[in-house]
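The lines below spell out each chain.
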Amino acid sequence: MKNNFQKIFILLCSVLIIAIIGCDKIEGPFTENNEIIDTTRCPVPQFPALENTYRKILIEDFTGHKCGYCPRAHVALHDLIATYGDTIVSYAMHVSDGYAAPDATGSYTYDFRTEEGTFVDNAFHISAGGLPKGMVSRVKYNGSEVIDHGSWPIVVQTMLNDIPKLGLQIINNYNSTDSSFCSHIKISFLENITDTLMFYCCLTEDSIIKPQKNYDVTPNTIPNYVHMHVYRDGLNGNLGVTINPSLAIKDSSIVKSYYYKLNGKDYVHKNLKIVAYVYKSSTNEVLQAEDKKVK
C-alpha cells in the first residue's frame with residue numbers, strides 16, 4: 001500500500017511539473033502565425049536608457065492602387081515627414097474592393113489588401129466615404145477620427161507640444177540564415193495611466209514598385225509608382241493585445257517580443273519596418289508610436 005501511495009505521489013508531482021512548463025509557454029507573446037515566442041531563439045535584449053522622449057504621431061493613410069486621388073494624400077504624408085522628421089510614424093493601408101481589389105488582367109493585378117486593413121476600414125467606415133482618408137493618432141477633428149489629407153497638418157500641429165505619457169523602444173534582430181527576425185518592443189510608462197491600454201504591432205514595407213492610378217497625370221496609370229509605408233502584416237491580430245492595467249504605472253516598463261518568419265513572402269527585407277503603438281481602448285486615441293527598420 002505504501003508503495004502505491006509513493007507511485008501516486010510521484011505521478012501527481014510529474015503532472016504538476018509538466019503543467020507549469022506548459023503554462024509558461026502559453027503565457028508567451030504570439031505572432032500572427034500562432035508561433036510561441038522562443039526565448040532561446042529570441043532572447044530579450046538589454047535596452048538603452050530612455051532619453052529625449054516626445055510624443056510621436058501616427059498617421060494611418062487609407063489608400064488603394066486604383067484610387068486616382070490617393071497620390072495627393074501620399075504627397076501630404078511625405079511633406080509632413082519632411083517637415084517633422086521622426087515625429088511622424090505612418091503606414092498606408094490599401095483597403096476596399098473598389099479602390100484596392102486586384103484585376104484579373106491589366107496593370108492592377110497585385111493585392112496590397114490585408115485582413116487587418118479590412119477590419120479597420122469596416123470598424124471606422126473609412127472607404128465608404130471615399131478615399132483618400134486618414135487618421136491622425138485617431139484623435140477627432142470636426143467630430144470624426146477619419147480626416148481628409150488636407151487637414152492632417154492642422155491636427156498634427158495641435159499635438160506637437162503634447163507631453164508624452166509613455167515611451168516606446170524597438171530592437172529588431174534579423175536572421176539572414178533562415179529569413180526571420182525577432183522584434184522586441186519596450187513600453188516605459190512616464191506617468192500612471194488608468195485607462196485600459198492596447199498594444200499594437202505590425203510590419204510595413206517601403207519602396208514597392210507597382211502601378212498606381214493618378215488622376216493628376218496623363219495617362220492616369222503610373223506603371224512604376226513607388227509605394228511607401230505599405231502595411232504588410234499584423235503581428236498581434238486586428239486589435240492588438242491588452243496591457244495589464246496593473247503595469248501602467250509611472251517608472252514601470254514591459255517588453256513585448258515577437259518572432260516572424262519571412263519565408264514565402266515577396267517582401268524586400270531591407271525595406272521592412274516594425275511599427276508599434278499604444279492606444280486607449282475607450283477612445284482609440286494613440287498615445288505613442290514608434291518604428292524601426294527590421295534589417
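Counting of residues starts from 1 at the beginning of each chain's written sequence and follows it residue by residue. Totals for whole chains, interfaces and linings use all residues, but because this is a predicted model, local features are given only for residues with pLDDT of at least 70 and pairs of side-chain atoms are given and counted only at 80 or more. Side-chain numbers here rest on the full set of heavy atoms in the structure, without hydrogens or water.

**Brief notes about the overall build of the protein chain**
Step number 1: When its secondary structure is counted, the protein chain shows five helices and 13 strands.
Step number 2: In this scheme, a residue with accessible area under 20% of its type's maximum is buried, one over 50% is exposed, and one in between is partly exposed, where area comes from a 1.4 Å probe on protein chains only. Put simply, the protein chain has 295 residues, and 47% of those count as buried.
Step number 3: Note on contacts: a residue pair is in contact if any heavy atoms of the two residues lie within 4.5 Å. In the protein chain, of all internal contacts separated by at least 6 residues, the share reaching a separation of at least 24 is 70%.
Step number 4: Here the open area of atoms and residues is found with the Shrake-Rupley method and a 1.4 Å probe, where only the protein chains shown may cover a residue. Total accessible area computed for the protein chain in this model is approximately 14700 Å², and 53% of it derives from carbon and sulfur atoms. The helix and strand labels rest on DSSP assignments: H or I over at least four residues marks a helix, E over at least two residues marks a strand, and numbering proceeds from the N terminus.

**Brief notes about the side chain of serine 180**
Step number 1: Assignment of secondary structure puts serine 180 in strand β5 (residues 180-189).
Step number 2: At 2.7 Å, the side chain of serine 180 forms a polar contact with the side chain of aspartate 178. Here a polar contact means two N or O atoms within 3.5 Å. Within protein one must be a hydrogen donor candidate and the other an acceptor candidate, and residues neighboring in sequence count only if both atoms are side-chain atoms.

**Things to note about empty space enclosed by the protein**
Step number 1: A 1.4 Å probe that fits but cannot get out identifies a cavity on a 1 Å grid over protein atoms alone, an open set with protein on both sides within 12 Å along at least five of seven lines counts as a pocket, and a residue lines either if it has an atom within 4 Å of a point. Grid points are joined across faces, edges and corners, and a volume is the space filled by probe spheres set on the points. What the rule picks out here adds up to one cavity of 30 Å³ or more.
Step number 2: Its volume calculated, the largest cavity comes out at about 30 Å³.
Step number 3: A per-class count over the lining of the largest cavity returns five nonpolar, one polar and one charged. For this classification, Asp, Glu, Lys and Arg are treated as charged, while Ala, Val, Leu, Ile, Met, Phe, Trp, Tyr, Cys and Pro are nonpolar and the rest, including Gly, are polar.

**Digging into the packing of aromatic side chains**
Step number 1: Pairing of aromatic rings covers Phe, Tyr and Trp, the last counted by its six-membered ring, and requires centre-to-centre distances within 6.5 Å; plane angles under 30 degrees mean stacked, over 60 mean edge-to-face, and any other angle means tilted. Scanning the entire structure with this criterion turns up seven aromatic pairs.
Step number 2: Between tyrosine 69 and tyrosine 215, the ring centres sit 4.9 Å apart and the planes meet at 70°, which makes this aromatic pair edge-to-face. Note that tyrosine 69 is positioned in the loop between β1 (57-63) and α2 (70-84) and tyrosine 215 in the loop between β7 (208-213) and β8 (221-227), a separation of 146 residues in sequence.
Step number 3: Summarising the aromatic geometry, the rings of tyrosine 277 and tyrosine 279 are spaced 6.0 Å apart at their centres and angled 50° between planes, so their arrangement reads as tilted. When sorted by exposure, tyrosine 277 lands in the same class as tyrosine 279, which is buried.
Step number 4: Members of the aromatic cluster, joined through ring pairs, are Tyr200, Tyr277 and Tyr279.
Step number 5: Note on geometry: a ring has a charge over it if NZ (lysine) or CZ (arginine) is within 6 Å of the ring centre and within 35 degrees of the ring normal. In this structure, arginine 138 packs its charged tip against the face of tyrosine 279, placed 5.6 Å from the ring centre.

**Some points on the sheet that holds strand β4 (residues 166-175)**
Step number 1: Pairing is antiparallel in the open sheet, where three strands are placed in the order β4-β5-β11. In this open sheet, the two edge strands, each paired with only one partner strand, are β4 and β11 (253-261). Put simply, the sheet's adjacent strands are angled 15° from each other on average, direction ignored.
Step number 2: In terms of strand pairing, β4 meets β5 through ten bridges, oriented antiparallel. Residue asparagine 173 lies in a different strand from β5, and its bridge partner there is cysteine 182. The criterion for strand pairing is that DSSP finds at least two bridges linking the strands in question. Fitting a line to C-alpha atoms yields each axis, with helices limited to the stretch in contact; the angle taken between N-to-C directions then spans 0 to 180 degrees.

**Let's talk about the environment of serine 246**
Step number 1: Within the secondary structure, serine 246 is located in the loop between β10 (241-243) and β11.
Step number 2: Given a relative accessible area of 46%, serine 246 falls into the partly exposed group.
Step number 3: Residues serine 246 and threonine 194, 52 residues apart in the sequence, show an inter-C-alpha distance of 8.9 Å.
Step number 4: Side-chain polar atoms of serine 246 contact the side chain of asparagine 244, separated by 2.8 Å.

**Points about helix α4 (residues 115-124)**
Step number 1: All of the buried residues along α4 are Glu116, Gly117, Val120, Asp121 and Phe124. For α4, the buried positions fall inside an angular range of 135° around the axis, keeping them on one side.
Step number 2: As for α4, its buried residues are in contact with β1, β2 (88-94), β3 (133-136), β6 (197-205) and β9 (230-234).
Step number 3: Following α4 by one or two positions, histidine 125 adopts a phi angle in the positive range, close to 55°. In this description, one arc is meant: the one made by directions from the helix axis to the C-beta atoms.

**Observations regarding the packing of α2 against helix α5 (residues 152-159)**
Step number 1: Relative orientation of the contacting elements α2 and α5 amounts to 30°, with a least axis distance of 10 Å. Put simply, α2 runs roughly parallel to α5. Note on packing geometry: the crossing formed by α2 with α5 is right-handed. Within the contact between the two elements, α2 uses Ala73, Ala76, Leu77, Leu80 and Tyr84 and α5 uses Trp152, Pro153, Val156 and Gln157.
Step number 2: Each residue belonging to the contact of α2 with α5 can be placed in one class, and the counts come to eight nonpolar, one polar and no charged. With respect to orientation, any angle under 35 degrees is reported as roughly parallel, any angle over 145 as roughly antiparallel, any angle of 65 to 115 as roughly perpendicular, and every other angle as oblique. Note: crossing handedness is left-handed where the near helix turns anticlockwise from the far helix by less than a right angle, and right-handed where it turns clockwise.

**Structural notes on a nonpolar patch on the surface**
Step number 1: Any residue with relative accessible area above 30% and no salt bridge may belong to a patch, with like charges joined within 9 Å and the nonpolar Val, Leu, Ile, Met, Phe, Trp and Tyr side chains within 5 Å. Just to be clear on terms, a salt bridge is a Lys or Arg side-chain nitrogen sitting within 4 Å of an Asp or Glu carboxyl oxygen. Together, Ile209, Val226 and Met228 give the surface a local cluster of nonpolar side chains, amounting to about 230 Å² of exposed area.
Step number 2: Mapped onto the secondary structure, methionine 228 falls in the loop between β8 and β9.
Step number 3: Look at methionine 228 and you get partly exposed, because its relative accessible area is 33%.

These figures come from the coordinates and say nothing about function on their own.
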